[in-house]
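As a plain string of letters, each chain reads:
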Amino acid sequence: MTVTPLPPLPLSPTAPERPQDQDEGLSVWPASAVDRPDGRLTVAGVALDEIAERHGTPVYVLDEDEVRGRCRRYRDAFPEADVHYAAKAFLCRALAHWVEEEGLGLDVCSAGELELAVTTGFPPDRILLHGNAKSPEDLRTALRLGVGRIVIDSPAEIARIAAAVPPGSEQKVMLRVTPGIGAGGHAKIRTGSEGQKFGLSLRDGHAQHAVARVLGQPRLRLTGLHCHLGSQITTVKPYLAAVRRLVGLMARTRDLYGVVLPELDLGGGHGVAYRPGDPVLDPAALAHRVRVELIESCAGAGLPVPRLIIEPGRAIVGPAGVAVYRVLAVKATAARVFVAVDGGMSDNPRPALYGVRYAPRLIGRRGAAERVATTVAGRHCEAGDVLAENVPLPADVRPGDLLAVPVAGAYHLSMASSYNLVGRPPVVAVSAGTSRPLVRRETLEDLRARDVGL
Ligand SMILES: Cc1ncc(COP(=O)(O)O)c(C=O)c1O
Ligand SMILES: N[C@@H](CCCC[NH3+])C(=O)O
């Protein structure tokens, strides 16, 4: 039998797309990042390829000074406010320690986050507990450890918390109000609008009613109102609208019950740039505009200015984190060049959840070849497991190369899973030319150990 040879397959797409983003600068990287002439990238003086060699990949790197600097920037921008870091963005003992040392408080939303912080030495009175469905364990732990404030999210919680407070003592609480203002980078992370699961609606009167009920509970002390509009918000305007609406409810509370609430919590949600050129919310500009609005609204209502609380998460830790992956496969189809790495949606579910895309770069060597528009995919069994699309990577990227993804500090590992029984990556801190492990890799033994039945 004669076999007719097949024509050779194209090795790269017939018409490579123009890469979307040609920015070769380091605008979305930690301020300490340096791109060395040999293509090695250092963060806080430590080469990322060295960390990959020592700890394996994927590995998450956290720049301690970037985190601390961001905490300080918030403290400087909001000197008259309490700044609580939102632990859901990412939490480990070292991070709790840094945040505490920088004078911030903490916002937690589970017994797990609360225990970790308090056992690290975080003063419980500087912690707020959130949650739209707090478990009995969450509340027990909060009361046992003496959490500073519990933020009530639903009518049924009022009596439940009051009943759990021991006779003769008092728990400080706030009320989470739904102001009817939706803001944020994606529909799934907008939490201030009507019709989503968080808070007590201002419009339908639930918030007002809850104020009255909390004031009627002798074991609860209502210190103020809270709202959180959403996440990855890049303009100041929604915060100003929220100030006006919440001050309106504070004025009604004074008029109806003779109570002047001393605190106002505007939540977090401050947006950061994931890719060069993305808009960001500048803390100093936000602080100035919020301060002016608060003073004017309170003056208009004849109220004293309450103590402001804010809860940034992403803006503290997001840009301080870098994820480092190793390339496992390269595939050029007629439509696209795919580079597949050894992590993906198990350590970073954000692209799959919100359709966001990142700006990875080749590290460890300088690619010599021309740049082609590349799709960076994860290793998981889902077509949606894609970290980046149409990014300019050298055409000679090959298995074994390292790719680093900036702005990986928030909502990656805190939302990570062990999908496909892939263990979660370790976290390594870098500071002043040195590195140290903070969180170890989740091993196959860890995963197997959970499987206890047959
Ligand atoms: C109540 C509350 N506070 C603060 C945050 C922190 O948000 P971000 O990380 O966007 O600042 C969140 C999350 O969106 C939240 O739900
Ligand atoms: N998980 C979201 C942010 C939601 C914050 C929690 N309310 C993100 O990755 O962008």
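In this text, all values refer to a predicted model and were calculated from it rather than measured experimentally.

J.: Looking at this structure, I do not really get the sheet that holds strand β2 (residues 41-43). What am I missing?
T.: Hydrogen bonding along the main chain pairs the strands of a sheet, whether they run parallel or antiparallel. Spatial strand order, β1-β2-β3: 3 strands in an open sheet with antiparallel pairing. The strands lining the two open edges of the sheet, one partner per strand, are β1 (34-35) and β3 (46-47).

J.: How do you make sense of the pairing of strand β5 (residues 82-86) when you look at a structure like this?
T.: If a strand is regular, its side chains alternate between the two faces of the sheet. Most of β5 is tucked away, with 4 of its 5 residues classed as buried. Pairing geometry for β5 and strand β6 (residues 105-108), over 3 bridges, is parallel. From the neighbouring strand, H84 faces β6, where its bridge partner is G105. In terms of handedness, the path from β5 via helix α3 (residues 93-101) over to β6 forms a crossover that is right-handed.

J.: Sorry, what's going on with the packing of aromatic side chains here?
T.: Describing an aromatic ring pair means giving the distance of the ring centres and the angle of the ring planes. This structure, assessed with the given rule, holds 2 aromatic pairs. Summarising the aromatic geometry, the rings of Y74 and F78 are spaced 6.2 Å apart at their centres and angled 10° between planes, so their arrangement reads as stacked. You'll find Y74 and F78 in the same group, each marked buried. Here the aromatic rings of Y274 and Y358 are separated by 5.4 Å at their centres, their planes lie at 85°, and the arrangement is edge-to-face. A residue pair is termed long-range when its members are at least 10 positions apart, and Y274 in the loop between β12 (263-265) and α9 (283-301) and Y358 in the loop between α11 (350-354) and β16 (361-363) qualify at 84 residues. Owing to a relative accessible area of 7%, Y274 belongs among the buried residues under this scheme. Overall, the relative accessible area of 1% leaves Y358 in the buried class.

J.: Mind showing me how you'd approach the site of ligand 2 here?
T.: Looking at ligand 2, the residues that line it are K88, I189, S231, R314, R350, Y354, Y411 and M415. Note that an oxygen atom of ligand 2 is positioned 2.7 Å from one of the side-chain N or O atoms of R314. Contacts to ligand 2 include R350, whose side-chain N or O atom sits 2.6 Å from an oxygen atom. Burial of ligand 2 by the surrounding chains reaches 85%, relative to a free accessible area of 310 Å². Grouping the amino acids of the shell around ligand 2 by side-chain chemistry returns 4 nonpolar, 1 polar and 3 charged.

J.: Would you take a moment to explain unusual backbone geometry for this structure?
T.: It is generally the case that most residues other than glycine have a negative phi and that most peptide bonds are trans. A cis geometry characterises the amide bond from T57 onward to P58, with omega recorded as -10°. Tracing the chain through its elements places P58 in the loop between α1 (48-55) and β4 (59-63). One non-glycine residue, Q232, lies in the positive phi region at around 60°. In this structure, Q232 sits in the loop between β11 (220-226) and α8 (237-257). Its identity as a non-glycine residue notwithstanding, N390 has a phi of 60°, on the positive side. Tracing the sequence through the fold places N390 in strand β18 (residues 386-394). According to the relative accessible area criterion, N390 is buried, its value standing at 15%.

J.: What am I meant to see in the site of ligand 1 here?
T.: H228, S231, G269, E311 and Y411 are the nearest of the 16 residues found near ligand 1. Residue S231 places a side-chain N or O atom 2.4 Å away from an oxygen atom belonging to ligand 1. Interatomic distance of 2.9 Å between a backbone N/O atom of G313 and an oxygen atom of ligand 1. When the free accessible area of ligand 1 is taken as 390 Å², the share hidden by the protein chains comes to 92%. Along the lines of polarity and charge, the residues of the shell around ligand 1 split into 3 nonpolar, 8 polar and 5 charged.

J.: In this structure, what is going on with the pairing of strand β14 (residues 321-332)? I would like to understand it.
T.: Across 4 bridges, the pairing between β4 and β14 is antiparallel. Bridge pairing links V59 to V324 in β14. Examined bridge by bridge, β14 and strand β19 (residues 402-406) share 5 bridges and lie antiparallel to one another. Residue pairing in the sheet places Y325 in a bridge with L403 of β19. Between β14 and strand β15 (residues 337-341), which pair antiparallel in sequence order, lie 4 residues.

J.: What is the right way to look at the side chain of D138 in this model?
T.: Within the secondary structure, D138 is located in helix α5 (residues 136-145). Buried D138, no salt bridge; nearest opposite-charge side chain is R160, N-O distance 7.0 Å. Within the structure, the side chain of D138 is placed 2.9 Å from the backbone nitrogen of S135, a separation counted as a polar contact. Setting aside anything within four residues of it in sequence, one finds D138 in contact with S110, A111, L129 and A133.

J.: Help me out: how do you make sense of the UniProt feature "binding site: substrate" (unreviewed entry) in the protein in this one?
T.: Mapped onto this structure's residue numbering, the UniProt feature "binding site: substrate" (unreviewed entry) falls at R314, R350, Y354, E382 and Y411. Maximum C-alpha separation among the annotated residues is 26.4 Å over a sequence range of 98 residues, too wide for a single clustered spot. If you trace the backbone, Y354 turns up in helix α11. Here Y354 is in contact with H186, K188, I189 and M415, once residues within four sequence places are set aside. Here E382 is to be found in the loop between β17 (371-377) and β18. For E382, a relative accessible area of 40% translates into the label partly exposed.

J.: Any chance you could explain helix α6 (residues 155-164) here in plain terms?
T.: Counting along an α-helix, one turn takes 3.6 residues, and residues three or four places apart therefore face a common direction. By the burial criterion, the buried members of α6 are E157, I158, I161 and A162. Projected down its long axis, α6 shows its buried positions confined to an angular sector of 125°, all on one face. Of the residues in α6, the exposed ones pointing more than 90 degrees away from the buried face are A156 and A163. Residues of α6 that are buried make contact with α5, β8 (149-152), α7 (206-215) and β11.

Calculation criteria
Residues numbered from 1 in each chain as written. Chains lettered and ligands numbered in written order. Predicted model: local features only at pLDDT ≥ 70, side-chain atom pairs only at ≥ 80, totals over all residues. Heavy atoms only, no water. Pairing = 2+ DSSP bridges. Helix = DSSP H or I, 4+ residues; strand = E, 2+ residues; numbered from the N terminus. Buried < 20%, exposed > 50% of the residue type's maximum accessible area, 1.4 Å probe, protein only. Right-handed = clockwise from strand over helix to strand, strands pointing away. Phe/Tyr/Trp six-rings, centres within 6.5 Å; stacked < 30°, edge-to-face > 60°. Near = heavy atom within 4 Å. Polar contact = N/O pair within 3.5 Å; in protein donor to acceptor, adjacent residues only side chain to side chain. Areas by Shrake-Rupley, 256 points an atom, 1.4 Å probe, with all protein chains shown as cover. Nonpolar A, V, L, I, M, F, W, Y, C, P; charged D, E, K, R; others polar. Lys, Arg positive; Asp, Glu negative; His and termini not counted. Salt bridge = Lys/Arg side-chain N within 4 Å of Asp/Glu carboxyl O. Contact = heavy atoms within 4.5 Å. UniProt positions renumbered as here; feature names shortened; annotations may be inferred. Arc of directions from axis to C-beta.

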